[in-house]
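Observations on the three-dimensional arrangement
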Amino acid sequence: MLFLFFIFLFVPQKTWADGWIVVTFTEPYPSAARWSYNGGSTWLESGQSSPAIPHSSTYTVSFNSVSNWISPSSVPNVKLKNNQVTRIERTYVRVGGGSEVPEEWPVWPQPSYLGSQYVPLTFTLINRNILPWVESNKTPSTSVWGSILKMVDFIYDYAEGEETIKQLLYPATQNYLFSTQSNASMSTLDSTVGTVMTDSRFILPEYVENWLSFEDPPGTLVNVENQQFSNAIVSLWINSWVDFLKSKNINKAGMSLSDTGHGSPVATWPDNVWLSPLPGYLSYVNGLESLYEPYGGAIVFLPTTDGIVHAFDVDPENDGYYGEMWGAMPLSSFLFGVYQEMHKETLDLALHPRIPTLGAPILIHDVEDGQGGWKRILAGATGIGTPLAPKAPEAWDSETELGVRDILGIPQSLSGFASGVFALDITDPRSSGVKQRWSVSNIDLGDGNGFLNIVSSATGNSWTKISYTALEGVSLPSFSGYRTLHTSLSRPVIGYTGSGNRTWHMVLLGIDNESYFRLYDINPLTGELIGSTQLNEVAALGTEIDFPSKIGAVVPWGENTPKLEEIYFYLSDGSFYSWDLYSGTAPRKILELEFKLQGEYYNAEVVQDFDGTFFIIDDQPHRFISFVVRLEKAGVGQGGGIIYGAVVVDVTKLELGENLPQTMEIGTHWGQTNVFVDESSAVQSMYLAEQMHGNEAFPVSAPFFYGGKLIIAATGYQSTGGYNGVYGKIYVADPITGEVQTETIHGVSLIGGALVDDSGIFRVVTSTGEILSFDLTEYELEPPGSGFGGEERSEIIYWKRNN
Amino acid sequence: MEDQELNLRKVPHKRNSGMALPMALIFLLVGAVLVGTALYVVENMFSTSRHVVTETQLYNAAQSGIEQAKVVLWDARSDLDYEEREYDGTIDSVRVRLDGVSGDYLDDDLQGVSVAELVNVTLTVDILDCNYVFDGINVNDYEDLDIDQIAALPPRWPAIISEGEGTPGGLSQIGSSGYLDPNRQVTSGGGRVLRHYVIRSRAESADGKSSSIETLVVIGL
């Protein structure tokens, strides 16, 4: 603390910037391409940052003109956040010198390499035995990123010398699936998918057979289609795309799978304790157990950005290798995934580019399907979405082997984005049993043009492509709200409302096409929108790419089923909301967190999932929510840099107060570690670091309440106190007394994912693939499953004889 | 000491005569009375013993009804209608039923059934839900009920969350993760939903004798 004080006292004070803009051009782009944030007074190159500019203003980003290239459209109304870098990616499109401009110039999904600084994947399993995790390589800047999945089974009794960490049995499965239908068995993803691509519903924006006609040589008419999806042409490259997906000798940064974006591996067992009390659920679980048993009793699902949801067994043979059961590509990814191959083929790339079509976390949850019936739903989304830009003119040259681009004019200035949400039915987890439950894609082509691509039982299980224009009528009102969907954030929430007949909901937190945060309330069985709610906050897309906002639900007092009375979401601008969907009330902002240091305010972005519990205070249950925030202050040293803190909110006490939301400055008391400090009577915070400032601890597990304590695993680099090097650390903090216990292990760096096994051992993974264990019983915490509540049982309260 | 020795001296016998017959008659009379009394007592005891055996059979039959109902209740625990019931003045309105099946009750097969190896004995078992309120239409308060209706009502006991020592969890409320995730299974120390049910079992013989047992069962799910 004293150290910080002297630093602040003697170092000349600097006027800290408010915000920055960084614009990146996708490859290829002309060397003369420049962008400006101030109407052309200053021109900057791709990847160059603007100077610090006030965040209170809005800006228009414009682009210069370059001969034979189409400049991107200006981006108006760019809003900055305090101490935030707002990132924008745009595409210059090369054109020929001709004058004929065919209509319906197709748009292509574009590669993206943004967001390489993702936070670690966020999940903590409790009372489970299998911990899966992902190791990634996100360094390639012009080709696909890679990842590998590993897992450990903590209840298996390994023999000495036996491999503990399970690896993927290579090569991966050849059993990849796709579907253009819903509620039907999926089809094999192989060379025959070319027949699907000729479907006019597949092509962006519309397939035109004789899109361009010219004479070559003079007197000989040549017709060119706008997209090369004829069976004859598709057959030339389709196997290459399928091989890419199946990882057969295809380089993905040297790894077996594409990267996972923000998607975590999800280990799934037949049971769900939160659903056990509901009618018919236990019988349903009994049926699932026999289906899961051949795979080792559990299945690990993993979404990868190339569009595949992978299903892996958990090594039933215990030979150190797990296998891939199947991979399924939902229609929302299938529509765009093929362009990974199209870019490679037509632009003559050595490696496949990264076109993320499945970047958000997945959720696996059971929902009631009619009386006493249950379905297991795997829901996911495209995440940040896929940018769209006009098809590169040289693509036609490559496809036709003619100099077509020389006769093409400048295409209409199309740009847009595509986003999607989907659900698979994995009630029967076998490859023959998995079905596409529904899929909705929003293809926004700008200027009010676009269409939705839908498969759902609500549309007769068939594939429906409907334009925005048609949506403005009465057609498909239950889907029309998807037109606003731009970006999906975080993992959705599934639960129910209604006291008699339950209505199931899937709540998705997203960003709409007006850049505002929006809640999408979705029927998890059909994909139909029950409703959507736009919030007042504008999203900083650049921030959301790295640190997406979080949404989650906690069980209400006196309840143990997923009744959606308490949904909480934390937006990356520091806004913290509660929402009682069960009562149908509007979301309520209860807290606004800001980080204050040296008189300047900065955002407090959330990292990792949050958690909630109850404590009994004055004989009343008080709802406590905890989350971890990231605070970035410009500069290095002098109080600058990135620091992290855990925040615990007594929501009950907070809501007793008036004038919500309460604006809270956090960090003003920071300077000592390993202790909770009171920010107010309802909010406490704890600075995460080893010893002192400069040794910040980065959270790698989702914080969780356990036995009255808040537990967090973190990692960092220590440079003081006689030690230089990485460290891993756990915090066992008591939010009531403020006491914090810690345990630090030097020489290890932790990655995302954590588990508490049935003996109370807290497991985290190191960057070198080792398991670090902390025994929670040494903190006087009982193992899970050891107490009264572990088993279903009945007891006699009284017995009497009436006569 | 001399006084004591004097007191122990033998008293001289008097001479008695003419008392043998009356004494014999008296003994005969007393003996006849005793024998009659004994016969009466024995007969009465035999009759009482026969009556106790019948009561025991009825009691055992009623107890078997309790056990049968507990099995039925436990087996159906996942499929029960857990919604709060509304008592309308009839016992059927709080009778346990399966979720979504409004007209059928869980104890339908336990009404007036015969008992194996007990001729002319029938068994009736009611399984009643303690999680109820008055419907506000037919019944607003206990004052709207007669004494028999009140006696027939099970105790009111809404579903509650159990609390335990140590780490509350699984379905935990206090101090442990309540995050709605299938992989958050703290499951130690309370947290189960406790649901209360009254089981009433009545065994009745053809001659109008009966035995009735009542028990309150709590199921933690």
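Residues numbered from 1 in each chain as written. Chains lettered and ligands numbered in written order. Predicted model: local features only at pLDDT ≥ 70, side-chain atom pairs only at ≥ 80, totals over all residues.

1. Describing the overall build of chain B
When you go through chain B residue by residue, the secondary structure sums to three helices and seven strands. Its helices and strands taken in sequence order, chain B reads α-α-β-β-β-β-α-β-β-β from the N to the C terminus. Burial status across chain B gives 33% buried among its 221 residues. Look at the contacts in chain B between residues 6 or more apart in sequence, and 60% of them connect residues 24 or more apart. (Helix = DSSP H or I, 4+ residues; strand = E, 2+ residues; numbered from the N terminus. Buried ≥ 20, exposed ≤ 12 C-beta atoms within 10 Å, placed from the backbone. Contact = placed C-beta atoms within 7 Å.)

2. Some points on the overall build of chain A
A count of helical and extended segments in chain A gives eleven helices and 52 strands. Along the first, second and third principal axes, the C-alpha set of chain A runs to 100 × 80 × 60 Å. Within the span of chain A, comprising 803 residues, buried residues form 53% of the whole. Considering only contacts in chain A between residues 6 or more positions apart, those separated by 24 or more positions represent 63%.

3. Re helix α7 (residues 393-400) of chain A
All names here are of chain A. Those residues of α7 lying buried are P393, A395 and W396. Looking down the long axis of α7, one finds its buried residues gathered within 150° of arc, a one-sided arrangement. Looking one or two places after α7, you find E401, whose phi comes out positive at around 60°. (Arc of directions from axis to C-beta.)

4. Looking at the sheet that holds strand β10 (residues 130-137) of chain A
Either a parallel or an antiparallel arrangement is found when strands of a sheet pair, and the pairing is made through backbone hydrogen bonds. Residues and elements named next belong to chain A. Across the sheet, three strands lie side by side as β10-β11-β17; this open sheet has antiparallel pairing. Two strands bound the open sheet, and with one partner strand each, they are β10 and β17 (257-258). Pairing of strand β11 (residues 146-153) with β17 involves two bridges; the strand directions are antiparallel. The residue of β17 that forms the bridge with G146 is S258. (Pairing = 2+ DSSP bridges.)

5. Points about the confidence of the model for chain A
Residues and elements named next belong to chain A. Here chain A shows a mean pLDDT of 85. Residues at 70 or above account for 90%. Counting contacts from residues 1-17, a segment whose pLDDT is below 50, to residues more than four positions away or on other chains yields 15 contacts. Below pLDDT 50 for its whole length, residues 786-790 participates in 29 contacts with residues either more than four positions away or in separate chains. (pLDDT = per-residue confidence, 0-100.)

6. A look at the nonpolar core
Within soluble globular proteins, side chains that are nonpolar generally end up buried alongside one another. Among the nonpolar cores identified, the biggest contains 215 residues, and A:F301, A:L378, A:I567 and A:V649 are the most heavily contacted of them. The contacts of A:V649, once residues within four sequence positions are left out, are A:L591, A:F624, A:I625, A:L654, A:A682 and A:V683. In this structure, B:A69, B:V96, B:L106 and B:I219 belong to the second largest nonpolar core, which totals 25 residues. (Core = buried A, V, L, I, M, F, W, Y, C linked by C-beta atoms within 7 Å.)

7. Concerning unusual backbone geometry
Backbone geometry follows two general trends: most residues other than glycine have a negative phi, and most peptide bonds adopt the trans configuration. In this structure, the amide linkage connecting A:L660 to the following residue, A:P661, adopts the cis form with an omega of 0°. If you check the backbone angles, A:D315 has positive phi at about 65° while not being a glycine. With respect to the element layout, A:D315 can be found in the loop between β20 (309-312) and β21 (321-322). The residue B:N120 is not glycine, and still its phi comes out positive at about 65°. Here B:N120 shows up in strand β3 (residues 118-129).

8. Thoughts on the environment of A:E658
As for its position among the elements, A:E658 is in the loop between α11 (651-656) and β41 (662-666). Note on A:E658: 6 C-beta atoms within 10 Å, which makes it exposed.

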